[in-house]
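Remarks on the overall topology
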Amino acid sequence: PLVRRAPAYGLGAQHLAVRNLLQGINLSEGQMAVKLAGDEATIERFSFKGGEGRVTITGGAALGSAPLAKLKLQAERFRVLGRVDRQLTTSGTAELEMSSEQARLNGRFLLDELRFDASRSAAPSLDEDVAVRRPGEAALQATDAGAGKTRYPWNINIEIDAGDNARFKGWGLDTALRGQLRVRTNAQGKPEVLGVINAVDGKFASYGQKLDIERGVVQFTGALGNPTLDVLALRPLLDNAVKVGVTVTGPVQNL
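Worth saying up front: this structure is predicted, and the values here are computed from it rather than measured. Sequence order sets the numbering: in each chain, residues are counted from 1 along the sequence as written. Whole-chain, interface and lining totals are the exception, using all residues; otherwise, since this is a predicted model, local features are given only for residues with pLDDT of at least 70 and side-chain atom pairs are given and counted only at 80 or more. Excluding hydrogens and water, the side-chain figures rest on all heavy atoms present in the structure.

**Notes on the pattern of salt bridges**
The salt bridge definition used is simple: a Lys or Arg side-chain nitrogen within 4 Å of an Asp or Glu carboxyl oxygen. Evaluation of the coordinates by the stated rule reveals 12 salt bridges. A salt bridge links Arg178 to Asp164, with the nearest nitrogen and oxygen atoms 4.0 Å apart. Of this pair, Arg178 sits in strand E10 (residues 173–185) while Asp164 sits in the loop between strand E8 (154–161) and strand E9 (166–170), and the two are 14 residues apart along the sequence. Type-normalised accessible area, obtained with a 1.4 Å probe on protein chains alone, sets the label of each residue: buried when under 20%, exposed when over 50%, and partly exposed for intermediate values. According to the relative accessible area criterion, Asp164 is exposed, its value standing at 68%. The partner of Arg167 in a salt bridge is Asp174, with the nearest N and O atoms 3.1 Å apart. Judged by relative accessible area, Arg167 falls into the partly exposed class, the value being 30%. Of the residues examined, Asp174 reaches a relative accessible area of 29% and is grouped as partly exposed. Each helix is a run of H or I in the DSSP string that is no shorter than four residues. Each strand is a run of E no shorter than two, and both are numbered from the N terminus.

So, in structure tokens, the structure goes:
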């Protein structure tokens, strides 16, 4: 018997670019080649240049009665952000598998370069829970966006190494950062962050003086916005001087 194969089609593009200079995004030399055959799609080539590096995505998807997509991302010194106050270049890999039942995301990344200057604050914006009502508009009734919906489960496990070229400036701090973090989903399906980041060769401006950070530890044990701090910053020692400085300890939300 003859076996009929579904005709194959292809999609391709060259010289793609994505730019948002206000946010520091500048991707160029994009290439795309996708093969379509029946209910299967294969990414033969999809890549962008960022800075001096590049990110590449390969994989494919089956779109039949049991849809399944598998993608792999490879980054090599890829410039994610390039603003004056926020610069991020990373290398690493990630693998994404999505079915009709759940999604799995695993990866490991090294921060080749990180510069984050929080002293240059962004434009002010309203909180998410603020509703704006204008004259003549009907009042909106608050609804629970999650009511009656089943949450699509994600299983995430991403390791991040701060590397040897990460620096933070803001809130009186100016310090290099070292350490590793893991972003994952817990048993309840909620995201959490685990790991320790250390301040190295840092300064802390307080009471009109620049203090040396003798000990600077930020420990994440779950919630991203509530790490535990253990910071000791001292004034540089003078002859026959008493040690003067500040100590900050405990969860951020309790300070």
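From this point, the narrative continues.
**Brief notes about the pairing of E9**
Burial of the side chains of E9 is restricted to one face: Ala166, Phe168 and Gly170 are buried, whereas none of Arg167 and Lys169 on the reverse face is. Direction of pairing for strand E7 (residues 103–117) relative to E9: parallel, over a ladder of 4 bridges. Along E9, the bridge assignment pairs Leu114 with Ala166. Pairing analysis gives 5 bridges linking E9 to E10, with the strands arranged antiparallel. Pairing between two strands is assigned when DSSP locates at least 2 bridges connecting them.

**Comments concerning the pairing of strand E13 (residues 228–234)**
As paired strands, strand E12 (residues 209–222) and E13 are joined by 7 bridges and run antiparallel to one another. By the bridge assignment for E13, Asp212 is matched with Leu234. The hairpin turn running from E12 into E13, its antiparallel successor, is 5 residues long.

**Quick word on the nonpolar core**
Remark: nonpolar core denotes a set of buried residues (Ala, Val, Leu, Ile, Met, Phe, Trp, Tyr, Cys) joined through side-chain atoms within 4.5 Å. Core analysis: the biggest nonpolar cluster contains 11 residues, these being Leu111, Leu114, Ala118, Ala162, Ala166, Phe168, Leu177, Leu181, Val193, Ile197 and Phe220. Here, residues are in contact when the closest pair of their heavy atoms is within 4.5 Å. Excluding its chain neighbours within four sequence positions, the residues that come into contact with Ala162 are Leu111, Leu177, Arg178 and Gly179. Core analysis: the next-biggest nonpolar cluster, separate from the first, contains 5 residues, Leu27, Val55, Ala75 and Phe78 among them.

**Focus on the packing of aromatic side chains**
Stacked, tilted and edge-to-face are the three classes applied to pairs of Phe, Tyr and Trp rings, where Trp contributes its six-membered ring and a pair requires centres within 6.5 Å; stacked means planes under 30 degrees apart, edge-to-face means over 60, and tilted covers the rest. A full pass over the atoms with the stated rule returns 3 aromatic pairs. Aromatic side chains Phe116 and Phe168 sit 6.0 Å apart centroid to centroid with 10° between the ring planes, which places their arrangement in the stacked category. Taken together, the positions of Phe116 in strand E7 and Phe168 in strand E9 put the pair 52 residues apart, joining distant regions of the chain. Taking the relative accessible area as the measure of exposure, Phe116 reaches 33% and is therefore partly exposed. Here the aromatic rings of Tyr152 and Trp154 are separated by 6.4 Å at their centres, their planes lie at 80°, and the arrangement is edge-to-face. Relative accessible area serves as the criterion here: at 34%, Trp154 is assigned to the partly exposed category.

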